[in-house]
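Now for the letters of each chain:
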Amino acid sequence: MSRSLKLALFALVLLGLVGGSVAYHVAQKSLTLTIDGQAQEVTTYAGTVGEVLAEEGLETQAHDVVLPDTDASVADGDTVVVNRARPLQLTVDGVQSEVYVTALSVDEALEQLGYRAEDLVVSASRSDRLPLDGMQLSINTPKDVTLVVDGQQRVVTTTAATAQDLLAEQGITLSETDRTSLLPGQALLDRMQLQVFRVQVGEVVETAAIAHGTVETDDPAAFTGQETVTQPGVDGEQATTFRVTVVDGVETAREQLGTTVTRAPVDELVSVGTKARPAPAPAPAASGGGGGSSTAAPTSNDGLNWAAVAKCESGGNPRAVNPAGYYGLYQFSLPTWRSVGGSGNPIDASPEEQLMRAQMLYARSGPGQWGCRAHF
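Residues numbered from 1 in each chain as written. Predicted model: local features only at pLDDT ≥ 70, side-chain atom pairs only at ≥ 80, totals over all residues. Heavy atoms only, no water.

Q: I'd love a proper account of the sheet that holds strand β18 (residues 268–275), names of residues and values included.
A: Spatially, three strands are ordered β14-β18-β15 in an open sheet, and the strand pairing comes out mixed. Two strands close off the open sheet at either side, each with one partner strand: β14 (214–223) and β15 (227–231). Going from strand to strand, the sheet's axes swing by 30 degrees on average, the running direction of each strand aside. Bridge count between β15 and β18: four bridges; the pairing is antiparallel. Bridge pairing in β18 places T228 opposite S271. (Pairing = 2+ DSSP bridges. Helix = DSSP H or I, 4+ residues; strand = E, 2+ residues; numbered from the N terminus. Axes fitted to C-alpha atoms, helices over the stretch in contact; angles between N-to-C directions.)

Put into structure tokens, the structure is as follows:
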């Protein structure tokens, strides 16, 4: 090979080496890679954003934000931004959900989620950083709740999460029997109403009379129609126990627990005459006393001179009235007349009925009822 040919081949090889070196340096790029706000300079020969991230060992997830897109080409001096998403187990006013944010702090997360009010109650400090694997975060927003308790109704603005939290916040205590319109752990929403029902359950005892009975016994020595109470009846008493439920001062339920006889009734014993009455014999008319006309006083065959008694008591006038309160042939007082079965006023009864009632009184109490007992 001639010397000139060797020099030509050498020059050609050298040119190829220099050209390849130049091309290599032209393909190299310097980029700014910002990951979660932290910027760093990287040198790469990658042609796309995805290749750059792969070179740096970054595997992005569906909720991550990558700018520009992973398919975009890169050039020297470009900036690639990666904001990795954090999962939040979020509870807002008792409602749970899972969300993703690219925020680096609780405060930024609230901003991204649209919770910008300053009076929110948050379960973590606003300055806390969000770890890459996320966290649990509770938010209670201000809400107007109508509170009804002890007869008072008012609207309160609260960030309490549940019904029981609101009651605790307002210093309202419940007894074991009290109830509320919302479950204790129920989440509060704006414009809800929470009512407290004061419930009292107790026992009451009520007494009632037990009517006494009447036992009648035949008395063959007494005339028919004559009745004598030999033992007065006495009503008994029973006590009934109830379990009573009162809600806000109004009785809503009553359950009978039991009944006890506290005093037994005593039967009334009555002696009833069964002896046949003799027919009254007519008597001659007698002039009346007491200032009025008179009617003949009936007589009887029981061995007593009832006509003489009537003459002595009323002058034989069946309508005689004594201003002291005594009436008729035998001058009955109204209570005595009623005690032997009479009704109304004795002066309105026939002489025969007046005699019958007088005989009943005599059989029951003897002659001591009359001032004219000397005639018996």
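Back to the write-up after that little detour.
Q: Go over the pairing of strand β6 (residues 95–101) with me, naming the residues and quoting the values.
A: Relative to β6, strand β5 (residues 86–92) is paired through seven bridges, and the arrangement is antiparallel. Paired with Q89 across the bridge in β6 is E98. Counting the residues that bridge the hairpin from β5 to β6 gives two residues, and of these D93 lies at a positive phi of roughly 50 degrees.

Q: If you had to explain the packing of aromatic side chains to someone new, which residues and values would you point to?
A: On inspection of all chains with the given rule, the structure shows four aromatic pairs. Between the aromatic rings of W306 and Y330, the centroid separation amounts to 5.6 Å while the plane-to-plane angle is 90 degrees, which identifies the pairing as edge-to-face. Here Y330 lies in the loop between β20 (326–327) and α6 (334–339) and W306 lies in helix α5 (residues 306–314), a separation of 24 residues in the sequence. Here W306 falls in the buried class, since its relative accessible area comes to 1%. Relative accessible area serves as the criterion here: at 1%, Y330 is assigned to the buried category. Ring centres 6.0 Å apart and planes at 85 degrees place the aromatic pair W306 and Y362 in the edge-to-face group. In this pair, W306 is assigned in helix α5 and Y362 in helix α7 (residues 351–365), connecting sequence segments 56 residues apart. (Phe/Tyr/Trp six-rings, centres within 6.5 Å; stacked < 30°, edge-to-face > 60°. Buried < 20%, exposed > 50% of the residue type's maximum accessible area, 1.4 Å probe, protein only.)

Q: For the state of the cysteines, give the residues involved together with the corresponding values.
A: The term disulfide refers to a covalent linkage connecting the sulfur atoms of a pair of cysteines. Evaluation of the coordinates by the stated rule reveals one disulfide. Covalent S-S linkage joins C312 and C372, the inter-sulfur distance amounting to 1.8 Å. Judged by the torsion about the S-S bond (-75 degrees), the C312/C372 disulfide is left-handed. With C312 in helix α5 and C372 in the segment after α7, the pair connects residues that are 60 residues apart, well separated along the chain. (Disulfide = S-S within 2.5 Å.)

Q: Any details on the pairing of strand β1 (residues 29–35)? Residues and values, ideally.
A: Judged by how many residues are buried, β1 sits mostly within the fold: six of seven residues are covered. Note: β1 against strand β2 (residues 38–44), seven bridges, orientation antiparallel. Across the sheet, the residue bridging to T32 is E41, located in β2. Linking β1 to β2, which pair antiparallel, is a turn of two residues; within it D36 sits at a positive phi near 50 degrees.

Q: Any chance you could break down the nonpolar core for me, citing the residues and the numbers?
A: Judged by nonpolar contacts, the single largest core of 15 residues is most densely connected at W306, Y330, F332, A358 and W370. Residue assignment for this core shows that the elements contributing at least two residues are α5 and α7. Counting residues per element, this core draws most heavily on α7, which supplies four residues. Apart from residues lying up to four places away in sequence, W370 is in contact with W306, V309, E313, Y330, A358, L361, Y362 and F376. (Core = buried A, V, L, I, M, F, W, Y, C linked by side-chain atoms within 4.5 Å. Contact = heavy atoms within 4.5 Å.)

Q: Which residues make up the pattern of salt bridges, and what values do they have?
A: Evaluated as defined, the whole model comprises 13 salt bridges. With its nearest N and O atoms 2.8 Å apart, the salt bridge here joins R198 to D150. Placement of R198 in the loop between β12 (193–197) and β13 (199–210) and of D150 in the loop between β9 (143–149) and β10 (152–158) is noted, with a sequence separation of 48 residues between them. Classification of R198 by relative accessible area gives partly exposed; the value is 23%. The shortest N-O distance in the salt bridge between R319 and D348 comes to 3.5 Å. Taken together, the positions of R319 in the loop between α5 and β19 (321–322) and D348 in the loop between α6 and α7 put the pair 29 residues apart, joining distant regions of the chain. Using a relative accessible area of 57% as the deciding quantity, one classes D348 as exposed. (Salt bridge = Lys/Arg side-chain N within 4 Å of Asp/Glu carboxyl O.)

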